[in-house]
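Each chain is listed here by its residues.
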Amino acid sequence: MDLILCHTISDFDALGAAVGLTRLKTGAKLVLTGGAHPAVRDFLALHRDEYALIERRSVKVEQIHSLVVVDTQKRDRLGKAAQWFDLPHLSAIELYDHHGNTHSDIPATFRQVEPVGATTTLIVEQLQQTSIQLTTAEATVMALGIHVDTGSLTFDQTTPRDAMALAWLMTQGANIRQIADYVDPGLSPQLQQLLTTALDQLQSENHQGNTLSWVFLKTPDYVPGLSSLASRLVDLTESDALLLAAEYGGDEGDGGDEGDEGDEGNEGDRGVGSHSESNNQQSTINNQQSKSSRLTIIGRSRIPGTNLNALLQPLGGGGHSQAAAVTLRHENPPEVLPQLVDQFKAQIPQPLSALELMSSPVRTIRPDTTVGEAQRILLRYGHSGLSVVDENDQLIGIISRRDIDLALHHGLGHAPVKGYMTRNLKTITPQTSLPEIESLMVTYDIGRLPVLADGQLVGIVTRTDVLRQLRQDQERWGETCPIQMTYPSSRLLNMRERLAPALWQLLTQAAQEAQERGWHLYLVGGAVRDVLLADESQPLLLEDVDLVVDGFHRAADVGAGVTLAKALRERYPNARLEVHGAFQTAALLWHNDPVLDSLWIDIATARTEFYPYPAANPEVEASSIRQDLYRRDFTINAMAARLTGRRGEALPLLDFFGGMLDLRSRQIRVLHANSFIEDPTRIYRAVRFAVRLGFELESQTQDYIQYALESGVYERSLGANTRAPALETRLKAELKYILEAPYWQRAFQLIGSLGALRCLHPSLKLDPSLWWRVRLIDRWLRRFDPDQTLKHWQMRLEVLIAHLEPQERGKVAENLQLPIDSIERLQHLGQAQTEVVESLPHCQRPSEVVWLLRQYKLPTLVLIAVHSSRAIRRKLWHYFTNLATVQAPLNGNDLKRLGYKPGPHYKEMLDALLAATLDGVIQDEADAKAFLEQHYPLVQEGRSPKAPGQKAIRNIR
């Protein structure tokens, strides 16, 4: 076990550096050796599960392999964890810090101490060199480390390296909004005095689940930096929005303008202290009032959907939706603020409720379930906690992954979870608002909140659900976001304009049917990807559509997809309904429909899957839409558009894994590290999508592919299990997709460069000779099978298999479950090739060539050709182009007409005629008749000819 240690009372720099090192040191765990700063503590209350963070008390000392220390060089700043430095079995102790001229008492085997503004900068530089891609959560906490320790690049110790590191973290998706929430800019003494007054006079009100505050201040003169005061008030009072009004001065000079306002974008440049033309007349009138005062109003808002710029712009001010200001003259300033408060309240949208956020159904266990079994369930489904219910399905507790880890640490895997679960639960109802949920999670450091309706557990809201929605709200309302792109950054898709009207109508009707049953319905996977990539000017009529039913607030069992498909079938009687699989998925198919063409719609219930062993078929069961998307292959295929519960024509887009960002970056990124271990066919799908879409394989995805291929896991799985379906029919299906596509050669080269042919056989590689043969057979097939009576993709596959040792060919063909004739052809190819190669050079007459080769079918001869010498290939090419098409001047009907009685001798006679024709003995019908009179004279009219015997036939010239 490799551990990364943060000092006691950890700050953002220590946390950020440690998080970065967990990416550089695969499998390393982060340990907070003591407490944390309040801001860090609040941050981790929401984000703890996104980092490889473990409790110090859960560490098994005997398993520690190495230690890494960040942001300190002193043992006494590491609490009880400092004792670990004395362990005799440690392989290494590394140290990273930015505090120079410090005596260290840590026995480090490697240390990097450099004069930069933040330790995190040193780690970022290493990450840049390795081209590791960070998640948004990782980039954000590392950016916070640099911001806090450099005063947002304003402290004296800041270096250009810090600025470059911070810039790179922004390209990695650091969340600017969250950074602003946790960075403290500081206040001047004058502003600190005003802060005390403002806190005393502040008024607040809860509206739509949000805290709205306002305050009216009076000062004799203009006070610069009021925007910082407004931001500080928002933080200290935990307000979601604030309107600060400051009245100052009279006609004794201008008193200055609030032109320096705007630490969130220089909102003063957009109207603060300057008036629009429509406001100039009113300003002139106000200036004529001898008793008028100046009034500065500054707004801050964290409430999605509100727009302070729109609120203040009519008064001549402006800024951004979340930060704006205005300065004006007014005869009675106290009247302005209440009016603006009321106008702002009208902007606040109805917040989302738990009903719209929760996952359902909820994975539950009984209180007598053992800790070990609970741990296996968490592993299987990827959850961070489980709900515990009694025999009446009443919620009685929750057990988290941390609880289970600690119990296992103490050797209590056999104990029931009831002894370790949390019983004092915080629960919510389906109507609980998002702000209330967020407040509960932060206040009580809760990672998941059960949703109860009439005492029954109907769903659960997790930190991930909240963070996802907060991020989507941020993007939706146009705030600074790392996923700004040409695709809809608001996470709302106007599908009606992008889809063909007939398809949009069908999806709308499907959504109505689902909503009537209390379900959510999602358009998922490739259809969403293709819509996002398509030219907006041309409506799409998709050919392949996947729909997923989610339980929402009523449980959707495994048959929900079938139920919905049958309901749609009643509306579309021309569609064919198919129900298949143990999981009861359904499909609706149209064939050459005048409106929908050849449309295929698959409908299934949201499900999760688990692979019992590598390359197995997955085991599936009902789950939530998030789990359904997580089971998919790549981020660009793991997005969903919700068809139900929408407002207007735009559809909410679910993008849990950064699929839109990868579309913009034009890269294929796998969802999790074990994806290729579990299903090797995903390697081939990655290649197929990359080549088809013109994308690149993301670097870490390539690393995962290489690890899976080099680990030998597929060979071990085949040896340990009776079947490995992902290496059988599913692999054949992926090969078929690739080998029959127009881009098959480019895809095949990429497969070869990855070494992925070893999925067929451990020894198979795309060496130059194999690559040449695969291309050569394509030429032969185009020349001699232009009508594609053969399956050309299968022939390309047979060339690959034929590259193996003869004794391995049949095994691989059987494993892929190729057709019987293909298996037999590959099994006997070696023998056939030997016969042809040895006999063909000795054939002196054309007829001998034909007698030798016509016993083999076209596929066999083509395979022999590409695996033989040039001389043999030339003879085979000559056979196909010249000899194979030669016919004798007479046929069986002609023989009958000449008086020969039909019988087995016809074949002998026709063969003799053909041989003579091939060898140039006969040229036309007259020659043929003379040939028959000589070699097959009629003994008596109406009777069989006298046969010349086989020896005589061989001597015919």
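Predicted model only: the values in this text are computed from it and were never measured. (Residues numbered from 1 in each chain as written. Predicted model: local features only at pLDDT ≥ 70, side-chain atom pairs only at ≥ 80, totals over all residues. Heavy atoms only, no water.)

Novice: Break down the side chain of Arg796 for me, citing the residues and quoting the values.
Specialist: Checked against the element boundaries, Arg796 lands in helix α30 (residues 792–802). You can call Arg796 buried: its relative accessible area is 9%. One polar contact links the side chain of Arg796 to the main-chain carbonyl oxygen of Leu739, over a distance of 2.4 Å. For Arg796, the contacting residues outside a window of four places in its chain are Leu739, Glu740, Trp744, Ile777 and Asp778. (Helix = DSSP H or I, 4+ residues; strand = E, 2+ residues; numbered from the N terminus. Buried < 20%, exposed > 50% of the residue type's maximum accessible area, 1.4 Å probe, protein only. Polar contact = N/O pair within 3.5 Å; in protein donor to acceptor, adjacent residues only side chain to side chain. Contact = heavy atoms within 4.5 Å.)

Novice: An account of the packing of helix α29 (residues 768–784) against α30 is requested, with residue identities and associated values reported.
Specialist: Close contact between α29 and α30 brings their axes to 9 Å; oriented N to C, the two are set at 150°. By the angle between their directions, the pair α29 and α30 is classed as roughly antiparallel. In terms of crossing hand, the pair formed by α29 and α30 is right-handed. Contacts between α29 and α30 involve Leu770, Arg773, Val774, Ile777, Asp778 and Leu781 on the former and, on the latter, His792, Met795, Arg796, Val799 and Leu800. Looking at the contact of α29 with α30 residue by residue, the classes come out as seven nonpolar, one polar and three charged. (Axes fitted to C-alpha atoms, helices over the stretch in contact; angles between N-to-C directions. Parallel < 35°, antiparallel > 145°, perpendicular 65-115°, else oblique. Left-handed = near helix turned anticlockwise from the far one by under 90°. Nonpolar A, V, L, I, M, F, W, Y, C, P; charged D, E, K, R; others polar.)

Novice: So what about the nonpolar core? Which residues, and what values?
Specialist: Ranked by internal contacts, the top residues of the largest apolar core, which has 127 residues, are Leu547, Tyr684 and Leu797. If sequence neighbours within four positions are ignored, Leu797 has contacts with Leu735, Leu739, Leu760, Leu816 and Leu818. If you look at the next biggest cluster of nonpolar residues, it comprises 41 residues, including Ala118, Leu134, Ile179 and Tyr182. (Core = buried A, V, L, I, M, F, W, Y, C linked by side-chain atoms within 4.5 Å.)

Novice: Outline unusual backbone geometry, supporting the account with residue identities and numerical values.
Specialist: Positive phi is not limited to glycine here, since Asp597 has a value of about 60°. Examined against the element boundaries, Asp597 turns out to sit in the loop between β22 (585–589) and β23 (600–605). Unlike most non-glycine residues, Gln817 shows phi in positive territory, near 55°. Counting through the fold element by element, Gln817 comes out in the loop between α31 (806–815) and α32 (820–827).

Novice: Describe the sheet that holds strand β15 (residues 395–400), and please don't skip the residues or the numbers.
Specialist: If you walk across this open sheet you meet the three strands as β13-β14-β15, and the pairing is mixed. Whereas interior strands pair on both sides, the edge strands pair on one side only; in this sheet they are β13 (364–365) and β15. Relative to β15, strand β14 (residues 385–389) runs antiparallel, the two sharing five bridges. Following the sheet pairing, Leu386 is matched in β15 by Ile399. Packing against the sheet, helix α13 (residues 371–381) makes contact with β13 and β14, and its axis sits at approximately 130° to β14. (Pairing = 2+ DSSP bridges.)

Novice: Hey, could you go over helix α18 (residues 501–516) for me, with residue numbers and the actual values?
Specialist: Residue pairs three or four apart in sequence face the same way in an α-helix, which turns once every 3.6 residues. Across its 16 residues, α18 extends 23 Å between first and last C-alpha, which sits within 8% of the 22 Å expected from 1.5 Å per residue. Following α18 by one or two positions, Gly518 adopts a phi angle in the positive range, close to 80°. (Expected span 1.5 Å × (residues − 1).)

Novice: Account for the sheet that holds strand β1 (residues 2–6), naming residues and giving values.
Specialist: Judged by pairing direction, the sheet is parallel, and its six strands sit side by side in the order β3-β2-β1-β4-β5-β6 without closing on themselves. Each edge of the sheet is formed by a strand with only one pairing partner; in this case those strands are β3 (53–54) and β6 (110–113). Pairing of strand β2 (residues 29–32) with β3 involves two bridges; the strand directions are parallel. Bridge pairing in β3 places Leu30 opposite Leu53.

Novice: Provide a residue-level description of the environment of Arg845, including the pertinent values.
Specialist: Topologically, Arg845 is positioned in the loop between α33 (829–839) and α34 (846–853). Residues Arg845 and Ala915 lie 70 residues apart in sequence; the distance between their C-alpha atoms is 9.0 Å.

Novice: Break down the confidence of the model for the protein chain for me, citing the residues and quoting the values.
Specialist: Overall, the predicted model of the protein chain reaches an average pLDDT of 83, with 87% of residues at or above 70. Low pLDDT, under 50, characterises residues 477–490; the stretch is placed with 42 contacts to residues that sit more than four places away or in other chains. In this model residues 949–957 is a low-confidence stretch, pLDDT under 50, and it forms 11 contacts with partners more than four residues away in sequence or in other chains. (pLDDT = per-residue confidence, 0-100.)

Novice: Describe the packing of helix α7 (residues 189–201) against helix α8 (residues 226–237), with residues and values.
Specialist: Where α7 contacts α8, the axes come no closer than 10 Å and their chain directions differ by 45°. Between α7 and α8, the angle is such that the two are oblique. The two elements α7 and α8 meet at a crossing, and its hand is right-handed. Of α8, the residues touching α7 (which contributes Leu191, Leu194, Leu195, Ala198 and Leu199) are Leu226, Leu229, Arg232, Leu233, Leu236 and Thr237.

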